[in-house]
Structures are given as structure tokens and as C-alpha cells.
Amino acid sequence: MTGTASTDAAPGRAPFLTVDDLEVRIEAGGGGGLAVAGVSFALYPGEILALVGESGCGKSMTALAVMRLLPSPPARITRGTIRIEGTDVLGLGRRDLEDLRGRRIGMIFQEPMTSLNPVLSIGRQMSEGLRRHLRLGRAAVLARAEAALHDVGIVDPRRVMQQFPHQLSGGMRQRVMIAAALSLEPGVLIADEPTTALDVTVQAQVLDLLAGLRDQHGSGVLLITHDLGVVAETADRVAVMYAGHIVEAAPVAVALQAPAHPYTQGLIACHLEVTPTARPVGTVPPLLETIPGVVPPLHARPDGCPFRDRCRRAIDRCAQEMPPLASVGSNHAVACWKPFHD
Amino acid sequence: MTETPLVALHDVQRHFPGPGGVVRAVNGVSLTIGRGQTVGVVGESGSGKSTLGRIIVGLDDPTAGRVVMAGHDLAAMPARARRTLRRDVQMVFQDPYSSLNPRMTVGRQVGESLLVQGGLTRAQIAERVAGLFDQVGLRPAQMASYPHEFSGGQRQRIAIARAVAPRPHLIVADEPVSALDVSVQAQILNLLVDIQRKSALSYLFIAHDIAVVAHVSHVILVMHRGVVVEYGQTHEVMGDAQHPYSQALLAAVPRFGRRRRGGAVPEPRVAAPRERFEWCVRSPTHAYRVEI
Amino acid sequence: MTRRRVSWTVMLGIGMVALILILAAVAPWLAPFDPLRMAVGPRLAAPQAGFWFGTDEFGRDLFSRVLCGARLSIGIGFVAITIGLVLGGVIGVLAAFSGRWVQALVLRALDVLYSFPDTLIALALVAFLGPGLSNATIAIAISLIPFYARVTFGLAAVERPKPYVEAARLAGVSHSRLLAVHVLPNISQTLIVMGTLGFSSAILSAAGLSFLGLGVQPPAPEWGAILAGGRNYLTKAPWILLCPGLAICLTVLSFNLIGDSWRDLVDPRRRGRS
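Residues numbered from 1 in each chain as written. Chains lettered and ligands numbered in written order. Predicted model: local features only at pLDDT ≥ 70, side-chain atom pairs only at ≥ 80, totals over all residues. Heavy atoms only, no water.

### Describing the overall build of chain A
Alright, step 1. When helices and strands are tallied, chain A shows 13 helices and 12 strands.
Alright, step 2. Across the 342 residues in chain A, those meeting the buried criterion constitute 54%.
Alright, step 3. Taking all contacts inside chain A whose residues are at least 6 apart in sequence as the whole, residues at least 24 apart take part in 65%.
Alright, step 4. Taken as a whole, chain A presents about 13,800 Å² of accessible surface, with 52% of it coming from carbon and sulfur. (Helix = DSSP H or I, 4+ residues; strand = E, 2+ residues; numbered from the N terminus. Buried < 20%, exposed > 50% of the residue type's maximum accessible area, 1.4 Å probe, protein only. Contact = heavy atoms within 4.5 Å. Areas by Shrake-Rupley, 256 points an atom, 1.4 Å probe, with all protein chains shown as cover.)

### Quick look at the interface of chain A and chain B
Alright, step 1. Each partner contributes residues to the interface: chain A has 61 residues there, and chain B has 47 residues.
Alright, step 2. Each partner contributes to the roughly 4,800 Å² buried at the junction of chain A and chain B, and carbon and sulfur atoms together form 58% of this total.
Alright, step 3. Broken down residue by residue, the surface that chain A buries against chain B is led by E233(A), V274(A) and R279(A), which jointly contribute 16%.
Alright, step 4. The shortest N-O distance in the salt bridge between R258(B) and E233(A) comes to 2.4 Å.
Alright, step 5. Inspection of the chain A/chain B interface yields 22 residue pairs in polar contact (both at pLDDT 80 or more).
Alright, step 6. Listed by contribution, the elements that provide at least two residues to the side of chain A that touches chain B are α9 (200-217), α10 (228-234) and α12 (262-270) of chain A.
Alright, step 7. A per-element tally of the side of chain A that touches chain B places α9(A) first, with 14 residues.
Alright, step 8. Counted by class, the side of chain A that touches chain B contains 31 nonpolar, 17 polar and 13 charged residues. (Buried area = accessible area lost by both parts, 1.4 Å probe. Salt bridge = Lys/Arg side-chain N within 4 Å of Asp/Glu carboxyl O. Polar contact = N/O pair within 3.5 Å; in protein donor to acceptor, adjacent residues only side chain to side chain. Nonpolar A, V, L, I, M, F, W, Y, C, P; charged D, E, K, R; others polar.)

### So, the sheet that holds strand β7 (residues 170-174) of chain B
Residue and element names in this part refer to chain B.
Alright, step 1. Strand order in this open sheet of 6 strands is β6-β7-β8-β3-β9-β10, and the pairing throughout is mixed. Single-partner strands in this sheet number two, and they are β6 (89-92) and β10 (227-233). For this sheet, the mean inter-axis angle between neighbouring strands, taken without regard to orientation, is 20°.
Alright, step 2. Against the sheet, helix α5 (residues 152-164) contacts β6 and β7, and its axis sits at roughly 175° relative to β6. (Pairing = 2+ DSSP bridges. Axes fitted to C-alpha atoms, helices over the stretch in contact; angles between N-to-C directions.)

### Describing the pairing of strand β8 (residues 202-207) of chain B
Residues and elements named next belong to chain B.
Alright, step 1. Across the 6 residues of β8, 6 count as buried, placing the element largely inside the fold.
Alright, step 2. On β8, burial covers both faces: S202, L204 and I206 on one face and Y203, F205 and A207 on the other are all buried.
Alright, step 3. In terms of strand pairing, strand β3 (residues 38-42) meets β8 through 5 bridges, oriented parallel. Paired with T38 across the bridge in β8 is Y203.

### Focus on the interface of chain C and chain B
Alright, step 1. Taken together, the contacts link 20 residues of chain C with 22 residues of chain B.
Alright, step 2. Across the chain C-chain B interface, the total number found is 2 salt bridges.
Alright, step 3. A salt bridge links R177(C) to E112(B); the shortest N-O distance between them is 3.0 Å.
Alright, step 4. Counting across the interface, chain C meets chain B through 8 residue pairs in polar contact (both at pLDDT 80 or more).
Alright, step 5. Within the residue set of the side of chain C that touches chain B, elements represented by two or more residues are α6 (163-170) and α7 (175-211) of chain C.
Alright, step 6. Residues of the side of chain C that touches chain B, tallied by class, amount to 10 nonpolar, 5 polar and 5 charged.

### Concerning the sheet that holds strand β9 (residues 237-242) of chain A
Residues and elements named next belong to chain A.
Alright, step 1. If you walk across this open sheet you meet the 8 strands as β6-β7-β8-β3-β9-β10-β12-β11, and the pairing is mixed. Two strands in the sheet have a free side with no partner beyond their single neighbour: β6 (105-108) and β11 (326-329). Taking each pair of neighbouring strands and ignoring which way they run, the sheet shows an average axis angle of 20°.
Alright, step 2. By the bridge criterion, 3 bridges tie β11 to strand β12 (residues 332-334) in an arrangement that is antiparallel. Bridge assignment links S327 to a residue of β12, and that residue is A333.
Alright, step 3. Sheet contacts for helix α8 (residues 170-182): β6 and β7 (188-192); angle to β6, the most-contacted strand, approximately 175°.

### Points about the nonpolar core
Alright, step 1. Counting 119 residues, the largest nonpolar core has L210(A), I160(B) and F205(B) as the members making the most contacts within it.
Alright, step 2. Top contributing element to this core by residue count: helix α6 (residues 182-199) of chain B, with 9 residues.
Alright, step 3. Ranked by size, the runner-up nonpolar core spans 41 residues in total, among them A80(C), V126(C), C243(C) and A247(C). (Core = buried A, V, L, I, M, F, W, Y, C linked by side-chain atoms within 4.5 Å.)

### A short note on the packing of aromatic side chains
Alright, step 1. Counting across every chain of the model gives 9 aromatic pairs over all chains.
Alright, step 2. Ring centres of F33(C) and F51(C) lie 5.4 Å apart, and the angle between their planes is 15°; this geometry places the pair in the stacked category. Of this pair, F33(C) sits in the loop between α1 (8-30) and α2 (62-96) while F51(C) is found in the loop between α1 and α2, placing the two residues 18 residues apart along the sequence.
Alright, step 3. By relative accessible area, F33(C) is classed as partly exposed at 25%.
Alright, step 4. Members of the aromatic cluster, each reached through a chain of ring pairs, are Y242(A), Y263(A) and F307(A).
Alright, step 5. The ring of F340(A) is capped by R313(A), whose NZ or CZ atom sits 4.1 Å from the centre of that ring.
Alright, step 6. Note that R317(A) overlies the ring of W337(A), its terminal NZ or CZ placed 3.5 Å from the centroid. (Phe/Tyr/Trp six-rings, centres within 6.5 Å; stacked < 30°, edge-to-face > 60°. Lys NZ or Arg CZ within 6 Å of the ring centre and 35° of its normal.)

### Details of the confidence of the model for chain A
Alright, step 1. Residues at a pLDDT of 70 or more form 95% of chain A, whose mean pLDDT is 87.
Alright, step 2. This model gives residues 1-7 of chain A a pLDDT under 50, and the stretch forms 18 contacts once residues within four places in sequence are excluded. (pLDDT = per-residue confidence, 0-100.)

### Some words on the packing of α8(A) against α9(A)
Residues and elements named next belong to chain A.
Alright, step 1. Between α8 and α9, the least distance of the axes is 10 Å, while the angle of their chain directions is 15°. Our classification of the angle between α8 and α9 gives roughly parallel. In this structure, the crossing between α8 and α9 has a hand that is right-handed. Together, G171, Q174, R175, I178 and L182 of α8 and V202, Q205, V206, L209 and L213 of α9 make up the contact between the two elements. (Parallel < 35°, antiparallel > 145°, perpendicular 65-115°, else oblique. Left-handed = near helix turned anticlockwise from the far one by under 90°.)

### Points about a nonpolar patch on the surface
All names here are of chain C.
Alright, step 1. A cluster of nonpolar residues, F78, V79, I83, V86, L87, V90 and L94, forms a patch on the protein surface that exposes about 600 Å² of accessible area.
Alright, step 2. Among the structural elements, V90 can be located in helix α2.
Alright, step 3. Note on V90: relative accessible area 44%, which makes it partly exposed. (Patch = residues over 30% accessible without salt bridge, like charges linked within 9 Å, V, L, I, M, F, W, Y side chains within 5 Å.)

### A closer look at the pairing of β6(A)
All names here are of chain A.
Alright, step 1. Side chains I105 and M107 of β6 all project onto a buried face; the interleaved residues G106 and I108 project onto the opposite face, where all are buried too.
Alright, step 2. Sheet topology places β6 next to β7; 4 bridges connect them, and they run parallel. Looking at the pairing, G106 lines up with L189 of β7.

### Regarding the confidence of the model for chain B
Alright, step 1. For chain B, per-residue confidence averages 86 on the pLDDT scale, and 89% of positions sit at 70 or higher.
Alright, step 2. Segment residues 264-292 of chain B: pLDDT under 50, and 57 contacts once partners within four positions in sequence are set aside and those in other chains are kept.

### Description of helix α9 (residues 244-252) of chain B
Alright, step 1. All of the buried residues in α9(B) are Y245(B), S246(B), L249(B), L250(B) and A252(B). What you see down the axis of α9(B) is that its buried residues fit within an arc of 165°, all on one side.
Alright, step 2. Tucked into the core, α9(B) has its buried residues touching α9 of chain A together with β3, α7 (210-216), β9 (219-224), β10 and α8 (234-239) of chain B. (Arc of directions from axis to C-beta.)

### Concerning the pattern of salt bridges
Alright, step 1. Tallied over the full model, the rule gives 31 salt bridges over all chains.
Alright, step 2. Ionic pairing is found between E98(A) and R132(A), a salt bridge with its closest N-O pair at 3.2 Å. Note that E98(A) is positioned in helix α3 (residues 94-103) and R132(A) in helix α5 (residues 122-134), a separation of 34 residues in sequence.
Alright, step 3. Overall, the relative accessible area of 29% leaves E98(A) in the partly exposed class.
Alright, step 4. Salt-bridge contacts for D60(B) lead to R14(B); the nearest nitrogen and oxygen are separated by 2.9 Å. Residue D60(B) is found in the loop between α1 (49-57) and β4 (64-69), and its partner R14(B) is found in strand β1 (residues 7-18); the two are separated by 46 residues along the sequence.
Alright, step 5. A relative accessible area of 12% places D60(B) in the buried class.
Alright, step 6. A single network of salt bridges, built from pairs that share partners, joins R94(A), E98(A), D99(A) and R132(A).

What follows is the structure, given as C-alpha cells:
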């Protein structure tokens, strides 16, 4: 696909993860449709690629598809390829898939409590993966788990390993999840809204951790989020998704300062920054820019560009054809018939 | 200032029995909300900001301290008079799904306060509700629908219409946009602002998202472990926070034009459970004493 | 939009219940003989043409007796379950929305009653009230109250802290209106399901009491009473036990089939979106 090539961060290096023309269909009696409609991207070592979009844009479905964790039924991969370091993920059997998950690709979720087993101690949960994937002895497993917890900034790993999930705070649980994922040293980490359930001060620490992974271990991180602030601070490249399509892909600075797609531009306009504005009593704040309407539901996605009903720049062609993701600058691609130009 | 504040809290405390002793969810909060004013409350989980909101609307009672509404001390009032006063304070909840009754048409829910208040015919109520639907950006034809037929943003519009229906002086909005998508958030914030412009009501706006609170508020309270650690005009708190906790909170908010570099892995903030912050110079008690 | 698929078990349950109810309703006209008339045929005759279920020790036609017995058995079950559900429901909802002390008191009292088997309570009550149709019905109804109060309490306690209930309070809704207009409609579906499932146990209790001679008195053709009458002829005429036993079994089964899936059928949240 044109999109993949045009948004490569470092052509020449081999990507950890390539997703090509991925299509995920959700079957629901009369209400089904394409949750992911032909998505292509590549994730390279040492970079954080953010998939950004509102609920229903397909970003989580894409992540789950990469892990082969889609709930099936109702979801089904109907087209495309997913490769992790050259291995065709979609062609793998169950056993190989289990070897792949955790070992070569790790995942952390929004709510760490649901992904931790409440009746097993942290040490037990962490050593399970190590034993299974690395076939290490007991002592080596414990040493490795301890080191991983230490790496994510936990001061007393030995004590934490004896504790149970409910005894830890939300931030600590997310650290443990990250440590468990990292202890296996996967090349790729998929982080699906990893800080959405956390307080802002804890969020900052977890984001620092992800940035540390990239900078010190050279890991590739696929960061799924709805928060442009998080993207701005953490990600290197960003792919904006809308209704199952990547509508814009660019380096973060380019996407945030010179967005070419009206949707990206709208998201940025809606985003509130912390600014010290005087607000005397008796005055009301200025109206915010909005994107009118809502994301069309899965079963009612129109032909052509799905954003056109909410778009101020829509032209006739938008109703007929979905624009392809086409290059508009170095590493910058956009799927729009009437993009913004500088 | 000679005007009686709409709501004044005096050293309000709310304690809950907890496994390790008493939890002081709200531990001595005093504040005033003036007419047409938006008071923002920011804080992280466990700061007591939601409990504070629930006390002000009357869904929870303070363990100690006084709640004074329009000059009347609530605890000293007969129940009937208290109920009448309470109608002046309404609430918008965080979750637009559980805050609407799934088995009642949305029109009935919006009009219910008018119905139980009495004095209006059904036709008059229907007319008012239709007007409210129009005001919050919904079609009056949608009055007969049930909540499950609406999106999250539309439900929050319905919840706002319901809160506005009895013409309250104050709306406590507890995380009113945090369950919504960014583009819908902006629509709902604009709606709240628009309502304030037209009817000059006051808001107590509670949220964990500092940027959202700062956008709508005239005054901001920063809460931490049941205590107000900082209080001031929005631009003062945002631009020149005095308290170390407010400073830490503001510094943590992600923003454009700043990059996170994973140099050294940060140590987790070691939380001292009994840690108490000193009261800030801009504490609301000071402000209140000045008013007396 | 496609409608929800209704599983065949529900359809079967509905079909069977409908059939049983129709049969019960037209029993007097459908029955080939008067269920009380003796010696319409030979005594203890095996099932045969003319006497499909055979005859009992008095030469009464068992088919007619089982058919007419449906009215009594189902009637007792229906009345008892209605009384038990309504009274238990009221106690449960009130307890869930009352203060801490009242709530604790009611719950402990229910716990004590709940620790006895239903049938034991019903037995004790009949012993106190005296045997007979209406007393047995009342006894069964009362014995069901602790269970339904407990179930209702659980359901209502879940609703109580929900924001929509709190919002209604803020709108100034009175306590009784809050319970009747907001809480009840949200728990009624589950209660009806519980009622449908409890229906079978009420029929069983009724049959049990009659079997022990404490419920419907002979010669009235109640299923449990027919069973009781037949127990002396277990070896000579097993059909006297088998036929009413089968009737009880089928009725209980069909009500359970419906109860299990009722909720899916009536929940408006599951109705197709427009």
C-alpha cells in the first residue's frame, strides 16, 4: 500500500511490525460492518507510534488484531497481513501464537486490574510468563522478575512480588503490567490506553516509562490513545484513525502543527491546553471549536469518506470515493480530497 | 462583598468508616459560591472532590460543619423547607449511561421535577420540556424515546436538560465530560457555557482534567486528601500555583510542545499516608474571613 | 433490523405452558367423565381406550381427575406466588431504601426465616391454620415471602446508589414515587422471572401438602392429593402415581423453560434499535 511506504520513519531499517491492508469485520445481526477498513502501517525499533482516534475509530480493534486477540465471533479478520519480525501472524497456529505473544510482542491494557489474576501474587504472575517463554530455572526467573520490577521504578521489588494485585495502587499495578511485559524483552509493546484510568501525576510516570523503553531498550511501542496531549509528549509518529481508516499519518510535530486532514485539525482545535487565562466573574468562557455530529455507527458508515458529514471542506467527490492515503510531504500522508496545505 | 453567597460551606467534614480507621474524605473544607460564578474543583482520585459535590447537592450529609444555602443553615431548617431549597441545586453526573432511567422516556425524566413540583398542567410541562430539548440541541420529537436510543453525548444533553428543568441556581457537574470523546466534550462544554450565559446560574465544576476545569471556571480549588490546598482565580492558580501539590499536578498535565525523554526511570512518588499539607495563603477560609 | 432470535427452548416452554393453561381452562368440558363420580369404570383398571390414564381404587377416571386437577394445582400455585411475590417484594424494596437499623433488623429476621425450608414453614403454618385449600395457599404464600423479600432486597439495593435514582431524588421525587416509578420498573423483569421459576416450587409445595393430607382434601382432584390416594396401590396400579406425577413434572419443566429466558424476551434494552 502507498500509505505504509510514505510514512516509514526510517526506510532501510527493518520494521518490527508491519500491518498491511488490514480489514476487520464485525458481524452483528443487521448492525455489522468494517471496524477496520484497510489499515497499513509499520512500527520500527526505537520509536513510539501513536494510533489516535475517538471511540469506534478502530484503534483498539487494530491492536487486538495484531495480537490475534479479537473476540471472534463477532469480529473477523477478512483481509490483510500482519508481520512481526517477518513472521506472518495470521498464519500461525495456536501453539506458535502463544509463543509469539508475550515473547516477541507484549501488550498492556487500560485497566491493569482486569488483566492481573487477583488470587496470584505478583511474583507468581510474573514468573509464569518467564518460565513458559524463556525456560529459566526458579532462581533465574525470580531474579529476572525482580530486575524487571526494579526497571519500572519499583523501589522494593521483593516486597511487591509477595503482594496481591488488590494491595497495589492503580499506578503500581500498571507498572507491574509493564514490568511483566518487559521482562520477556519483546521487540514490540502494544499499549492500549495505558494511562486513561490513572491519575495525571501517575500518568506522567507511566509515560516516562514508555519513553524510557524506546530510548534505552530500543523497543517499538504502539501507543493507542485518544489524548493528543499524551501523543504530543510521547509519540514520534502518529496515525489518526477515523471510522476504521487511517486518515492521516505523520511525524508528531508535523501532525500537530500542520495537520492536513480536517479531522486531525478538528481534534486539535477541540483539545484544551492548560493556559492561565483570566476569567473574571460575570464573564463566560469563549465557545470552543467543535466537530459537529458524532462518529457514524458501524452499520451506518456512508460510502465515500466517512468524515464528510462532519466536514466543513467536503466536496462532491467525498461522497463518491474514499480518498486513498497519499503522500503530501516527507513522511506525511493524508486521506483527503481537499487537505489543508501550508 | 455584601451579597449573600449562593452556597457557603464552613469547615465541612465528611468521615467514612474504613478498614484502617476513619477515612476523612472531606477534612475541613470551607468555600463560597457566588451567583453566576463557576467554581472549579480539581484533584486526583481520593481527593474528596466528588464527596464535596454530593454534600452540596444534598446526596450526602457532612459529619461536621455547616452548609449554608442562600443564607439559611440547612441543618437548622425543617425538612420541607430544606427540600424546597434543595431544588435550587441540581446535578449532572459523570456516566451518561447510568444517570438516566433506562425504563422511562427521556421526556418524562426531564419533566419529572416539574411534575412533582406541581402547579403546571401536563401540556405546560410538555411544552417546557420541548423547549429544554431545543435548548440542549435535541429535537423535541425525541422526547418519547428511551435512553438506549441515544449516544453518550446526547444522553449527557438529556441529563443537562433534566438538571436545568427546575431552574436551579446552582448545578454541580461531577466529571460531566470525562466519559465522552474529545469532539463531543467540546460540544457539551459549550452547552454548559451557553446555559450559564442565558440564565446566569452557577456551577460547581468537578473534574480531574485541569484543562477542562480551567476553561470553564472563574475560581479554582485544588483538593488533595480531603483538604483544599490551593484556592484562587483561575489565571492565578494556572499561571502561578503556590502550593507544591498544585505545581506537581499542573506539571504532570500533558501538553503540546513538550517532549518526554525516558532518561532515568522515575522513582514512584512515595506516598506518605499521613502527609498533611499546610494551608495555603490563598485558602478559602481566609477569603471567607475577609468577607465577614 | 433482525429481531432477536428466540431460542427453541423458550418457544417450547411457552407452547407447553399455553397448552397446559388451555387444557386447565377447558378441563370440565374436555373431561370425558365427572372427576368425582365413582365407578364410572372398573376399579384400578390399567390405561386403555376409554380410560386413557386408567382408573383409581374407586373406579374414577384418572384422565378426568388429572385434567381437572390442573385447575386446582395451577390455581394454588398462581395465587400463592402472587401473594408471596407482592408481599416479599414490598418488604424487600422498603428494606433496601430504609435506614441502616431498619434494614439490618429486616434482613436478620428474613435470614432466620430463610434458614428453614419453605415446605417446613408451610407445614408449620398449616398445622396452625388447619388443613384446607385456602389455608394451604396462604401457608405456601407466606413461606415464599422470605425468599422474594431477599431477592427483591438484593435487586433494589443494586439500584439504590445508581445515579438515575439519585437524580430522581434531586428532582424532588417523593419516596413512594421513587420506588414505584423508578426502582420497580427496573427490577420487575427479574422479579417476574423469579416468580416464574418459583411457580414450580409453589406447585410442588401444594402437591406436597395435599399429599400429606394437609392441603386440598379428598375427593377434590388436586395432583398431590391424587398422588396421596394412589400411594397404597403403588405396585398394583402404578399409573395412579405416574400420571399426576408426570403432569406435575411437565408443568414445572415448562414454567422453568420460560423463566430461564424470559428476561431476554422482555428487556427493552435488547429490542432492536431503530
